[in-house]
Amino acid sequence: MNPLQTLLGTELPLIQAPMAGVQGSALAIAVSNAGGLGSLPAAMLTPDALRSELQALRAGTTRAFNVNFFCHTPPVPDAAREAAWRAALAPFYAEAGLDIDAVPAGASRVPFGAEAAELLAEFRPAVVSFHFGLPASELVQRVKSWGARVLSSATTVEEARWLEAHGADAIIAQGLEAGGHRGMFLTDDVTTQVGTFALVPQIVRAVDVPVIAAGGIADAAGVAAAMALGAAGVQVGTAYLLCPEATTSPIHRVALQSDAARHTALTNVFTGRPARGIVNRVMRELGVMSAAAPAFPLATAAMAPLRAHGEQQGNGDFSPLWSGQNACGCRAVGAAELTRALTQGLGGQVA
Ligand SMILES: Cc1cc2nc3c(=O)[nH]c(=O)nc-3n(C[C@H](O)[C@H](O)[C@H](O)COP(=O)(O)O)c2cc1C
């Protein structure tokens, strides 16, 4: 067993990436039961939904699982920026025949807090992971109080050192290829972001805790290569998006299997923070990084009706089609089969 398998209590050195909005407990249960670490993304769940998903996990597996939260600083609403954002989206609203003044502003994702920590304590998950840094130290200590291991994503060497100093038990090195939100939290300068194979060895040298490689890993050769660079394990997201246990929308599934999936970009137009998705109409027409987009997650509110309208018409023109740069590992097979395929041939590195 390598140090990561010992730390996480799993048979395989593989974490199924938590992916808010496209999966729930079913995917996590399938991966944990297959020997990996299944993850439940909690960023968009109400307390009641989180409780029922945790109950489903407890009923579905006796193995270790991970629960993932965002821990961003809540934004200060800015009326001028909201107005600029609505002005930028107004032509799309007019085209769709929608009323932009009827859209309530507001946050769609709340950061991890005391209420979620109390709920988690009832279920005592073995692993809790965070995106965008770590919560306040008393919350980290609360999570560790029942023996949970704490993980978080680093996108630079500086972030990795910060996470280690603030109590992370292992660090996810999230390379630029990764789908979904960049976990960046010490900088908002996207030019600091580097690819997985440049990032992993640098973070391995900089910290003493196990390093987990994430971003663009889509098959067993990619897993083995990341481990040859010093990673103790991998976190794989995009490759799981076509699994029947994921809740990925039909439009998103079609896009992932099309030629369009070869062109992804970092964009802030869906939430206000840079995230990687398949380039679509709204990204092309607004520009992928819009200065008008309100701070995370406030940009989401005014985009949501356009997304719903587009999806009703059968298009993903306004939908966040999150994907990493390497969608070629996406296969419509059960998550257990995919987990086994990804870790095939690891030989002595598997328990
Ligand atoms: C659809 C999607 C949603 C994601 N949502 C989350 C999330 O809720 N929390 C999180 O920590 N990471 C999230 N991520 C990022 C993953 O943790 C991970 O860094 C990424 O999937 C790895 O790169 P890959 O997609 O190329 O495998 C998401 C990724 C995708 C593709």
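Located above this text is the structure these notes cover.
First things first, this report covers the structure right here in the doc. (Residues numbered from 1 in each chain as written. Predicted model: local features only at pLDDT ≥ 70, side-chain atom pairs only at ≥ 80, totals over all residues. Heavy atoms only, no water.)

## Concerning the pattern of salt bridges
Two side chains carrying opposite charge are able to pair once their charged atoms lie near each other.
Working step 1: Per the stated rule, a full pass over the model turns up nine salt bridges.
Working step 2: Here Arg 63 ties to Glu 11 by a salt bridge, and the two come within 3.3 Å at their closest N and O atoms. Residue Arg 63 is located in the loop between helix H3 (47-60) and strand E3 (65-70), and its partner Glu 11 is located in the loop between helix H1 (3-8) and strand E1 (14-16); the two are separated by 52 residues in the primary sequence.
Working step 3: By relative accessible area, Arg 63 is classed as partly exposed at 37%.
Working step 4: A residue is classified by how much of its surface remains accessible, and Glu 11, at 38% relative accessible area, is partly exposed.
Working step 5: The closest approach of N and O atoms between Arg 86 and Glu 82, which form a salt bridge, is 2.8 Å. (Salt bridge = Lys/Arg side-chain N within 4 Å of Asp/Glu carboxyl O. Helix = DSSP H or I, 4+ residues; strand = E, 2+ residues; numbered from the N terminus. Buried < 20%, exposed > 50% of the residue type's maximum accessible area, 1.4 Å probe, protein only.)

## So, the site of the ligand
Working step 1: Taken together, 20 residues lie around the ligand, and Pro 18, Asn 68, Gly 216, Gly 237 and Thr 238 are the ones closest in.
Working step 2: Within the side chain of Asn 68, a nitrogen or oxygen atom sits 2.8 Å from a nitrogen atom of the ligand.
Working step 3: Taking Thr 238, its side chain carries an N or O atom lying 2.5 Å from an oxygen atom of the ligand.
Working step 4: Protein burial of the ligand: of its 590 Å² of free accessible surface, 99% is covered by the chains.
Working step 5: Elements represented by at least two residues in the shell around the ligand include exactly E3 and strand E9 (233-236).
Working step 6: Residue composition of the shell around the ligand, by class: nine nonpolar, eleven polar and no charged. (Near = heavy atom within 4 Å. Polar contact = N/O pair within 3.5 Å; in protein donor to acceptor, adjacent residues only side chain to side chain. Areas by Shrake-Rupley, 256 points an atom, 1.4 Å probe, with all protein chains shown as cover. Nonpolar A, V, L, I, M, F, W, Y, C, P; charged D, E, K, R; others polar.)

## Some remarks on the sheet that holds strand E10 (residues 264-267)
Backbone hydrogen bonds are what pair the strands of a sheet, in a parallel or an antiparallel way.
Working step 1: Taken in spatial order, the three strands of this open sheet run E7-E11-E10, and their pairing is antiparallel. Two strands in the sheet have a free side with no partner beyond their single neighbour: strand E7 (180-181) and E10.
Working step 2: Note: E7 against strand E11 (residues 275-278), two bridges, orientation antiparallel. Counted as the bridge partner of Gly 180 is Arg 276 from E11. (Pairing = 2+ DSSP bridges.)

## Observations concerning the packing of aromatic side chains
Working step 1: Tallied over the full model, the rule gives nine aromatic pairs.
Working step 2: Note on Phe 270 and Trp 322: the rings are 5.7 Å apart at their centroids and 90° apart in plane angle, and the pair reads as edge-to-face. With Phe 270 in the loop between E10 and E11 and Trp 322 in the loop between helix H12 (299-312) and helix H13 (335-342), the pair connects residues that are 52 residues apart, well separated along the chain.
Working step 3: Relative accessible area serves as the criterion here: at 4%, Phe 270 is assigned to the buried category.
Working step 4: Put simply, the rings of Phe 69, Phe 112 and Phe 130 pair up and form one aromatic cluster.
Working step 5: If you follow Arg 273 out to its NZ or CZ, it ends over the ring of Phe 132, 3.8 Å from the centre.
Working step 6: Just above the ring of Phe 296 sits the side chain of Arg 273; from NZ or CZ to the centre is 5.6 Å. (Phe/Tyr/Trp six-rings, centres within 6.5 Å; stacked < 30°, edge-to-face > 60°. Lys NZ or Arg CZ within 6 Å of the ring centre and 35° of its normal.)

## Some thoughts on the pairing of strand E5 (residues 149-154)
Working step 1: Judged by how many residues are buried, E5 sits mostly within the fold: five of six residues are covered.
Working step 2: Note that the unit made of strand E4 (residues 127-131), helix H6 (residues 137-144) and E5 has a crossover that is right-handed.
Working step 3: In the sheet, E5 pairs with strand E6 (residues 170-174) via four bridges, with the strands oriented parallel. What sits directly across from Ala 154, in E6, is Ala 173.
Working step 4: Once you follow E5 into helix H7 (residues 157-165) and on to E6, the crossover reads as right-handed. (Right-handed = clockwise from strand over helix to strand, strands pointing away.)

## Quick notes on H6
Working step 1: Among the residues of H6, those classed as buried are Leu 139, Val 140 and Val 143. Axial view of H6: buried residues confined to an arc of 105°, hence all on one face. For H6, exposure combined with an orientation more than 90 degrees from the buried face picks out Ser 137 and Glu 138.
Working step 2: The secondary structure elements touched by the buried residues of H6 are helix H5 (114-123), E4 and E5. (Arc of directions from axis to C-beta. Contact = heavy atoms within 4.5 Å.)

## Side note on a nonpolar patch on the surface
Working step 1: Residues Val 190, Val 288 and Met 289 make up a contiguous nonpolar surface patch of roughly 200 Å² in combined accessible area.
Working step 2: Along the chain, Val 190 turns up in the loop between E7 and helix H8 (196-206).
Working step 3: Take Val 190: its relative accessible area is 30%, and that puts it in the partly exposed class. (Patch = residues over 30% accessible without salt bridge, like charges linked within 9 Å, V, L, I, M, F, W, Y side chains within 5 Å.)

## Brief notes about unusual backbone geometry
Working step 1: With an omega dihedral of -5°, the bond running from Phe 296 to Pro 297 counts as a cis peptide bond.
Working step 2: One can find Pro 297 in the loop between helix H11 (281-286) and H12.
Working step 3: In this model, Arg 124 sits at a positive phi of 45°, which is unusual for a non-glycine residue.
Working step 4: Topologically, Arg 124 is positioned in the loop between H5 and E4.
Working step 5: Of note in this structure, Phe 132 is not a glycine but carries a positive phi near 80°.

In short, geometric facts, not functional conclusions.
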